[in-house]
Amino acid sequence: MESISGYEAKVYSASNVELVTKTRTEHLSDQDKSRNKGSKTPFQSSLGIAQQHSAQNGALLPQPASSTNPTAITPEEYFDENFDLETRNIGRPIEISTKAQDRKS
């Protein structure tokens, strides 16, 4: 126990900590994505957080058959338990922004 500003407190130490934040952006308009892409909070700026943008599996996204079914899965394929969908899914391709900060102090 230590006394901090007149209060008794337990003090912990951590080393080799990585702070990872993932943000999904597929639901945002292109205007909102561009406005949000370069902005960092004061917290992120002070920590020097690195940012990466990628698709769910990191591959190039295919040309969508429609905005709600980009991999053109038929209802028969989707509900057939013997059919292998591989990496295909229904819905918009997932866009994830990953921010990571290593703290080794």
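Each remark here, short or long, concerns the structure printed above.
Residues numbered from 1 in each chain as written. Predicted model: local features only at pLDDT ≥ 70, side-chain atom pairs only at ≥ 80, totals over all residues. Heavy atoms only, no water.

### Notes on the packing of aromatic side chains
We apply this condition: Note on ring pairs: Phe, Tyr and Trp rings are taken, using the six-membered ring of Trp, and paired if centres are within 6.5 Å. Classes follow the plane angle, with under 30 degrees stacked, over 60 edge-to-face and the rest tilted. Relative accessible area decides the class of each residue, using a 1.4 Å probe on protein chains only: under 20% of the type maximum gives buried, over 50% gives exposed, and in between gives partly exposed.
Summed over all chains, the structure comprises one aromatic pair. Taking 5.1 Å as the distance between ring centres and 90 degrees as the angle between the ring planes, the aromatic pair formed by Tyr-78 and Phe-79 counts as edge-to-face. You can call Phe-79 exposed: its relative accessible area is 68%.

### Details of the side chain of Thr-25
Rules: Only DSSP runs of H or I with at least four residues qualify as helices, and only runs of E with at least two residues qualify as strands; both kinds are numbered from the N terminus onward. Throughout, a contact is declared for two residues whenever any of their heavy atoms are within 4.5 Å.
With respect to the helices and strands, the residue Thr-25 is situated in the loop between strand S3 (17-24) and helix H1 (30-37). Thr-25 sits in the buried class, given a relative accessible area of 13%. In this view, Thr-25 contacts Lys-33 and Glu-95; residues no more than four positions away in its chain are not counted.

### Side note on the environment of Asn-69
When you line up the elements, Asn-69 lands in the loop between strand S4 (50-55) and helix H3 (75-79). Residue classification places Asn-69 among the buried positions, given a relative accessible area of 17%. C-alpha separation for the pair Asn-69 and Arg-88, spaced 19 residues apart in sequence, amounts to 9.6 Å.

### Examining a nonpolar patch on the surface
Applicable threshold: Every patch collects residues that have over 30% relative accessible area and no salt bridge, joining them within 9 Å if they carry like charges and within 5 Å if they are nonpolar side chains (Val, Leu, Ile, Met, Phe, Trp, Tyr). Every accessible area reported is derived by Shrake-Rupley at a probe size of 1.4 Å, with residue values counting cover from the shown protein chains alone. Only one rule defines a salt bridge in this text: a Lys or Arg side-chain nitrogen within 4 Å of an Asp or Glu carboxyl oxygen.
There is a patch of nonpolar side chains on the surface, built from Tyr-78, Phe-79 and Ile-90 and spanning about 340 Å² of accessible area. Looking at the secondary structure, you find Ile-90 in the loop between H3 and strand S5 (95-103). The partly exposed category is assigned to Ile-90, whose relative accessible area is 40%.

### Quick look at the pattern of salt bridges
This structure, assessed with the given rule, holds three salt bridges. As a salt-bridge pair, Lys-33 and Glu-95 come within 2.8 Å of each other at their nearest N and O atoms. Taken as a pair, Lys-33 in helix H1 and Glu-95 in strand S5 lie far apart in primary sequence, 62 residues in all. The shortest N-O distance in the salt bridge between Glu-77 and Arg-88 comes to 3.2 Å. Remark: Arg-88 occurs in the loop between H3 and S5 and Glu-77 occurs in helix H3; sequence separation between them is eleven residues.

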